[in-house]
Amino acid sequence: MGRALRQTIGPAIGAAIVGYFAYHAVQGDRGLIALSHLQSEIQQAQATLAQVSEQRIELEKRASLLRRDHLDPDMLDERARAVLNYSHPDDVIILVPRSSVAPPVTAGQP
């Protein structure tokens, strides 16, 4: 009985160690499942980066039209109207009743 027990303990311990490492290779913090989650997060981050890069290029293009050495009159007119809240005499203005507009949010109110 003792000899049979000694012959099975060694392989049982070895199988337990192999099982432990195999489990953590798949399920662990740095296992195969964690790798697939990380790859999907990387793809999402790259998609977000591409979107933000496109927005930045568009904003840089608009900002370059307002430089002193190359001032675009249309862009200057658009920005002046937006900032100063002015309109051109030929513009069509559509007034929206205040009841359909959401009330302004003030600090301190929920």
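In this text the structure is predicted, and so the values were computed from the model without any measurement.

Cut-off values and rules
- Residues numbered from 1 in each chain as written.
- Predicted model: local features only at pLDDT ≥ 70, side-chain atom pairs only at ≥ 80, totals over all residues.
- Heavy atoms only, no water.
- Helix = DSSP H or I, 4+ residues; strand = E, 2+ residues; numbered from the N terminus.
- Rg over C-alpha atoms; globule rule 2.2 N^0.38 Å.
- Buried < 20%, exposed > 50% of the residue type's maximum accessible area, 1.4 Å probe, protein only.
- Areas by Shrake-Rupley, 256 points an atom, 1.4 Å probe, with all protein chains shown as cover.
- Lys, Arg positive; Asp, Glu negative; His and termini not counted.
- Charge placed at Lys NZ, Arg CZ, Asp CG, Glu CD.
- Patch = residues over 30% accessible without salt bridge, like charges linked within 9 Å, V, L, I, M, F, W, Y side chains within 5 Å.
- Salt bridge = Lys/Arg side-chain N within 4 Å of Asp/Glu carboxyl O.
- Phe/Tyr/Trp six-rings, centres within 6.5 Å; stacked < 30°, edge-to-face > 60°.

*Asks:* Sorry, what's going on with the overall build of the protein here?
*Replies:* From N to C terminus, the protein includes three helices and two strands. The N-to-C order of helical and strand elements in the protein reads α-α-β-β-α. Its C-alpha atoms give the protein a radius of gyration of 33 Å, more than 25% over the compact-globule value 13 Å for 110 residues. In terms of overall dimensions, the protein has a C-alpha envelope of 105 × 45 × 25 Å along the principal axes. Counting every position in the protein, which comprises 110 residues, the buried fraction comes to 3%. For the protein, the computed accessible surface area is about 10500 Å², with 61% contributed by carbon and sulfur atoms. Each charge sign in the protein was given a centre, from 11 positive and 12 negative side chains, and these centres are 17 Å apart.

*Asks:* When you look at a nonpolar patch on the surface in this model, what are you seeing that I'm missing?
*Replies:* Together, Leu 5, Ile 9, Ile 13, Ile 17, Tyr 20 and Phe 21 line one region of the surface with nonpolar side chains, adding up to about 630 Å² of accessible area. You can see Phe 21 is positioned in helix α1 (residues 2-27). Overall, Phe 21 belongs to the exposed group, its relative accessible area being 55%.

*Asks:* For this particular structure, what's the right way to read the pattern of salt bridges?
*Replies:* Side chains carrying opposite charge are able to pair once their charged atoms draw close together. Tallied over the entire structure, the rule returns three salt bridges. We note a salt bridge from Glu 60 to Arg 56, for which the minimum N-O separation is 2.8 Å. You can see Glu 60 and its partner Arg 56 sitting in helix α2 (residues 32-64), four residues apart, about one turn around the helix. Here Arg 62 and Glu 78 are joined by a salt bridge, their closest N and O atoms 3.0 Å apart. Of this pair, Arg 62 sits in helix α2 while Glu 78 sits in helix α3 (residues 73-84), placing them 16 residues apart in sequence. Taking the relative accessible area as the measure of exposure, Arg 62 reaches 29% and is therefore partly exposed. Assessed through its relative accessible area of 39%, Glu 78 is described here as partly exposed.

*Asks:* Help me out: how do you make sense of the packing of aromatic side chains in this one?
*Replies:* In this description, a pair of aromatic rings is defined by centroid distance and the angle of the planes. Going through the model one piece at a time under the given rule, you end up with one aromatic pair. Ring geometry for Tyr 20 against Phe 21: centres 5.4 Å apart, planes inclined by 80°, an arrangement best described as edge-to-face.

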